[in-house]
Amino acid sequence: MTDDYLSRIGNLIRDARKHRGWTQTQLADVLGTSQSAVNRIEKGHQNLTLEMLARIGEALDSEIVSLGGGPVHLRVAGGRRLSGSIDVKSSKNAGVALLCASLLNKGRTTLRKVARIEEVNRLLEVLNSIGVRTTWLNDAGDLEIVPPAHLNLAAMDAEAARRTRSIIMFLGPLLHREDTFQLPYAGGCDLGTRTVEPHMSALRPFGLDVKATGGEYHAMVNRAISPGKPIVLTERGDTVTENAIMAAARHDGVTVIRNASSNYMVQDLCFYLDLLGVKIDGVGSTTLTVHGKAEIDVDVDYAPSEDPIEAMSLLTAAIVTGSEVTIRRAPVEFLEIELALLEEMGLDYSRSAEYLAENGRTRLVDLTTRPSTLHAPIDKIHPMPFPGLNIDNLPFFAVIAASATGQTLIHDWVYENRAIYLTDLNKLGGRVKLLDPHRVMVEGPTHWSGAEIMCPPALRPAVVTLIAMMAAKGTSVLRSVYVINRGYEDLATRLNSLGAQIETFRDI
């Protein structure tokens with residue numbers, strides 16, 4: 001490699017390491033090398049093999065390089081108005097939950113319009129490795145899933161499993177199929193230390209005992225133990241609730257789950273299980289009563305609902321670029337607080353009459369934005385469990401607030417690291433002050449200007465940075481965007497259909 005390439009690669013590695021919050025010593029420990037070697041690598045003074053580059057990329061979850069031709073970047077020509085209309089795709093979080101839930105069923109599951117995103121791809125790699133047959137049926141994203149009579153968990157693709165947090169949702173289904181099993185530690189977004197203890201406390205009443213050693217969760221199931229009283233979740237988390245529901249679905253009896261999340265992906269899971277013959281009372285509330293079935297063998301066809309976070313992403317892109325755009329098939333019941341807050345900030349928009357999603361349950365509308373003069377809200381912006389402002393939609397209000405007049409306090413109390421990534425907006429001309437790991441103060445309006453930035457390793461802040469680049473004058477580059485592809489299908493292409501100018505490229 002030339003000295004120029006080594007220097008550029010070193011800068012990418014340094015930025016990715018800092019985004020992950022690691023020291024050079026921490027990266028060295030993971031790689032099995034010395035801190036001084038990492039220092040030489042980052043300064044471009046160390047020759048690198050493809051194997052070492054791949055190991056570094058895997059450690060930082062940033063795809064610094066891959067055998068497929070290097071990391072993917074985005075080049076954005078900003079300052080362009082958008083126009084036209086766009087459909088919201090199906091829910092990423094519902095899709096991954098349903099892939100995990102398909103393990104409960106001995107029959108064939110067909111899921112309609114599944115988003116072809118990297119998070120789904122990783123789960124499919126895991127499912128295929130343990131014997132599940134998955135087939136894309138058409139270009140519309142219809143996916144057929146056929147489980148084997150016996151899973152080959154010893155053959156699990158550990159590398160794919162470690163690259164997704166969704167692997168934790170295998171616990172609920174697998175405890176009914178296996179007496180002992182192992183799962184690799186969950187990976188995915190770098191959002192700080194997120195304990196798995198809430199999952200364990202939700203699943204212990206079903207006899208599951210898990211010990212974490214050697215980079216794996218070692219699970220043992222005591223069949224003599226079953227829920228003798230309502231399960232009270234210690235955290236009203238989405239995946240925790242889904243794990244508890246999936247465990248209850250195959251429990252031959254009635255299970256009451258309290259302090260349950262009632263968020264969109266949880267509801268989609270409940271609607272799917274209803275087709276499997278598992279009756280669930282209280283869907284949409286914080287108390288669920290699950291009437292389980294010891295055996296489930298049904299051929300089902302289910303269409304997960306549209307993604308409210310993608311809808312918010314598209315809405316934000318329209319707002320920040322001052323554009324008139326129609327966002328079709330937006331799941332309004334999971335956006336009502338966000339829309340009410342945007343109305344308070346001065347957003348001019350209209351909505352269509354409501355209609356039902358293909359699952360026959362979720363309410364949809366078409367939203368049309370118009371160029372608006374926004375002002376900061378009176379109160380701080382903070383997330384709450386549904387029906388409050390969605391935790392994953394909170395970061396979008398940072399770039400919206402930066403486009404409004406006045407100061408906005410954004411309080412991300414859920415994740416201890418995510419707010420930090422919002423300060424990347426300062427590289428594009430924003431005025432975002434980090435008050436502590438959970439709070440930022442945003443000053444607007446902003447005169448955005450182009451810059452070259454390493455993509456944050458957290459999904460929603462990464463898209464926030466991309467949207468700011470779309471509003472910025474000049475050309476910007478967002479490097480190593482694998483994390484965006486984890487949660488969005490062809491986002492750049494779809495934004496380009498509205499008039500954005502975003503080019504995908506590789507340079508290594």
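The name given to the chain in an unreviewed UniProt entry is UDP-N-acetylglucosamine 1-carboxyvinyltransferase, with the source organism recorded as Kribbella caucasensis. Taken verbatim from the UniProt record of the chain, the Catalytic activity (unreviewed entry) comment is "phosphoenolpyruvate + UDP-N-acetyl-alpha-D-glucosamine = UDP-N-acetyl-3-O-(1-carboxyvinyl)-alpha-D-glucosamine + phosphate". The annotation that UniProt attaches to the chain under Subcellular location (unreviewed entry) is "Cytoplasm".

Novice: Would you mind going over the overall build of the chain with me for this structure?
Specialist: On a plain count of helices and strands, the chain comes out with 18 helices and 23 strands. Against the 2.2 N^0.38 benchmark of 23 Å for 508 residues, the chain shows a C-alpha radius of gyration of 23 Å, consistent with a compact globule. Seen through its principal axes, the chain has C-alpha atoms that stretch 60 × 60 × 45 Å. In the chain, buried positions account for 56% of the 508 residues. A separation threshold of at least 6 residues defines the contact pool for the chain, and within that pool the share at least 24 residues apart is 74%. About 19500 Å² of surface is accessible on the chain, with carbon and sulfur atoms providing 48% of the total. When the 52 positive and 60 negative side-chain charges of the chain are each reduced to one mean point, those points stand 2 Å apart.

Novice: Can you walk me through the state of the cysteines in this structure?
Specialist: Put plainly, two cysteines are in a disulfide when a covalent bond ties their sulfur atoms together. Evaluated as defined, the whole model comprises 0 disulfides. Cysteine Cys100 is unpaired, with the sulfur of Cys270 as its nearest cysteine sulfur at 15 Å. Taking relative accessible area as the criterion, Cys270 reaches 3% and is therefore assigned buried.

Novice: I would appreciate a short explanation of the pattern of salt bridges in the present structure.
Specialist: Oppositely charged side chains can pair when the atoms bearing their charge come close. Tallied over the full model, the rule gives 28 salt bridges. In this structure, the salt-bridge partner of Asp424 is Lys427, at a minimum N-O distance of 3.5 Å. The structure contains a network of salt bridges with shared partners spanning Glu333, Glu336, Glu354 and Arg363.

Novice: Please clarify how the packing of aromatic side chains should be interpreted in this entry.
Specialist: We describe a pair of aromatic rings using the distance from one ring centre to the other and the angle between the two ring planes. Summed over all chains, the structure comprises 3 aromatic pairs. Where Tyr264 meets Phe334, the ring centres are 5.9 Å apart and the plane angle is 65°; that geometry is what we call edge-to-face. One end of the pair, Tyr264, is in helix H11 (residues 264–275); the other, Phe334, is in the loop between strand E14 (324–331) and helix H13 (336–345), and 70 residues separate them in sequence. In this structure Phe334 comes out as buried when scored by relative accessible area, which is 6%. Taken together through their ring pairs, the aromatic side chains of Tyr264, Phe334 and Phe386 make up a single cluster. Cation over ring: Arg116 sits above Trp136, and NZ or CZ is 4.1 Å from the ring centre. Above the face of the Tyr482 ring, Arg163 is positioned so that its terminal group lies 4.4 Å from the ring centre.

Novice: Help me out: how do you make sense of the environment of Val477 in this one?
Specialist: Relative to the elements of secondary structure, Val477 occurs in strand E22 (residues 475–479). Judged by its relative accessible area of 10%, Val477 is buried. Along the primary structure Val477 and Ala451 are separated by 26 residues, whereas in three dimensions their C-alpha atoms are 6.5 Å apart. Those residues in contact with Val477 that sit more than four places away from it in its chain are Leu74, Arg75, Ala451, Glu452, Ile453, Met469 and Phe505.

Novice: I keep staring at the packing of helix H5 (residues 92–101) against H11 and nothing clicks. Help me out?
Specialist: Each pair of packed helices can be summarised by the angle the axes make with each other and by the distance between the axes. Here H5 crosses H11 at 40°, and the two axes come no closer than 8 Å. For the crossing formed where H5 meets H11, the hand is right-handed. Residue-level inspection shows Asn93, Ala94, Leu98 and Ala101 of H5 in contact with H11, the latter providing Tyr264, Met265, Asp268, Leu269 and Tyr272.

Novice: Please clarify how the packing of helix H10 (residues 238–249) against H11 should be interpreted in this entry.
Specialist: It is the contact of H10 with H11, at a shortest axis distance of 9 Å, that shows an interaxial angle of 15°. If you check the angle between H10 and H11, you find them roughly parallel. Like other packed secondary-structure pairs, H10 and H11 cross with a definite hand, here right-handed. Here Asp238, Thr241, Glu242, Ile245, Met246 and Ala249 of H10 come into contact with H11, specifically with Met265, Val266, Leu269, Cys270 and Leu273. Looking at the contact of H10 with H11 residue by residue, the classes come out as 8 nonpolar, 1 polar and 2 charged.

Novice: What exactly am I supposed to notice about the nonpolar core here?
Specialist: Nonpolar side chains tend to gather and get buried jointly when the protein is soluble and globular. With 147 residues, the main nonpolar core has Phe170, Leu273, Phe397, Trp448 and Ile484 as its most contacted residues. The leading source of residues in this core is helix H16 (residues 459–471), at 10 residues. The two domains that each donate at least three residues to this core are domain 2 (72–89 + 306–506) and domain 3 (92–302). Setting aside residues no more than four positions away along its own chain, Ile484 makes contact with Cys455, Leu459, Ala462, Val463, Leu466, Leu478 and Leu491. Of all hydrophobic cores here, the second largest spans 16 residues; its members include Ile9, Ala28, Met52 and Ile56.

Novice: Would you mind showing me how to read the environment of His291 here?
Specialist: Tracing the chain through its elements places His291 in strand E12 (residues 287–291). In this view, His291 contacts Gly253, Val254, Val278, Lys279 and Asp281; residues no more than four positions away in its chain are not counted. A distance of 2.9 Å separates the side chain of His291 from the side chain of Asp281, its partner in a polar contact.

Novice: Can you help me understand the pairing of strand E20 (residues 439–444) in this one?
Specialist: Along any regular strand the residues' side chains alternate between the sheet's two faces. The alternating pattern of E20 places Val440, Val442 and Gly444 on a buried face, while none of Arg439, Met441 and Glu443, on the opposite face, is buried. Between the end of strand E19 (residues 431–436) and the start of E20, which pair antiparallel, lie 2 residues.

Novice: Even after reading the chapter, I still don't get the domain arrangement of the chain, so can you show me in this structure?
Specialist: It is common to give the size of an interface as the accessible area lost on bringing the parts into contact. Each domain of the chain was delimited in the assignment, giving domain 1 (2–60), domain 2 (72–89 + 306–506) and domain 3 (92–302). For domain 1 versus domain 3, the distance between C-alpha centres works out to 36 Å.

Novice: In this structure, what is going on with unusual backbone geometry? I would like to understand it.
Specialist: The phi torsion of most residues other than glycine is negative, and most of the peptide bonds are trans. Cis geometry marks the peptide bond from Phe386 to Pro387; its omega dihedral reads 15°. Mapped onto the fold, Pro387 is located in the loop between strand E17 (363–370) and helix H14 (396–402). The phi dihedral of Asp490 falls on the positive side, at around 50°, and the residue is not glycine. Of note, Asp490 is situated in the loop between helix H17 (482–487) and helix H18 (491–496).

What counts and what doesn't
Residues numbered from 1 in each chain as written. Predicted model: local features only at pLDDT ≥ 70, side-chain atom pairs only at ≥ 80, totals over all residues. Heavy atoms only, no water. UniProt positions renumbered as here; feature names shortened; annotations may be inferred. Helix = DSSP H or I, 4+ residues; strand = E, 2+ residues; numbered from the N terminus. Rg over C-alpha atoms; globule rule 2.2 N^0.38 Å. Buried < 20%, exposed > 50% of the residue type's maximum accessible area, 1.4 Å probe, protein only. Contact = heavy atoms within 4.5 Å. Areas by Shrake-Rupley, 256 points an atom, 1.4 Å probe, with all protein chains shown as cover. Lys, Arg positive; Asp, Glu negative; His and termini not counted. Charge placed at Lys NZ, Arg CZ, Asp CG, Glu CD. Disulfide = S-S within 2.5 Å. Salt bridge = Lys/Arg side-chain N within 4 Å of Asp/Glu carboxyl O. Phe/Tyr/Trp six-rings, centres within 6.5 Å; stacked < 30°, edge-to-face > 60°. Lys NZ or Arg CZ within 6 Å of the ring centre and 35° of its normal. Axes fitted to C-alpha atoms, helices over the stretch in contact; angles between N-to-C directions. Left-handed = near helix turned anticlockwise from the far one by under 90°. Parallel < 35°, antiparallel > 145°, perpendicular 65-115°, else oblique. Nonpolar A, V, L, I, M, F, W, Y, C, P; charged D, E, K, R; others polar. Core = buried A, V, L, I, M, F, W, Y, C linked by side-chain atoms within 4.5 Å. Domains from an automatic or database assignment. Polar contact = N/O pair within 3.5 Å; in protein donor to acceptor, adjacent residues only side chain to side chain. Pairing = 2+ DSSP bridges.

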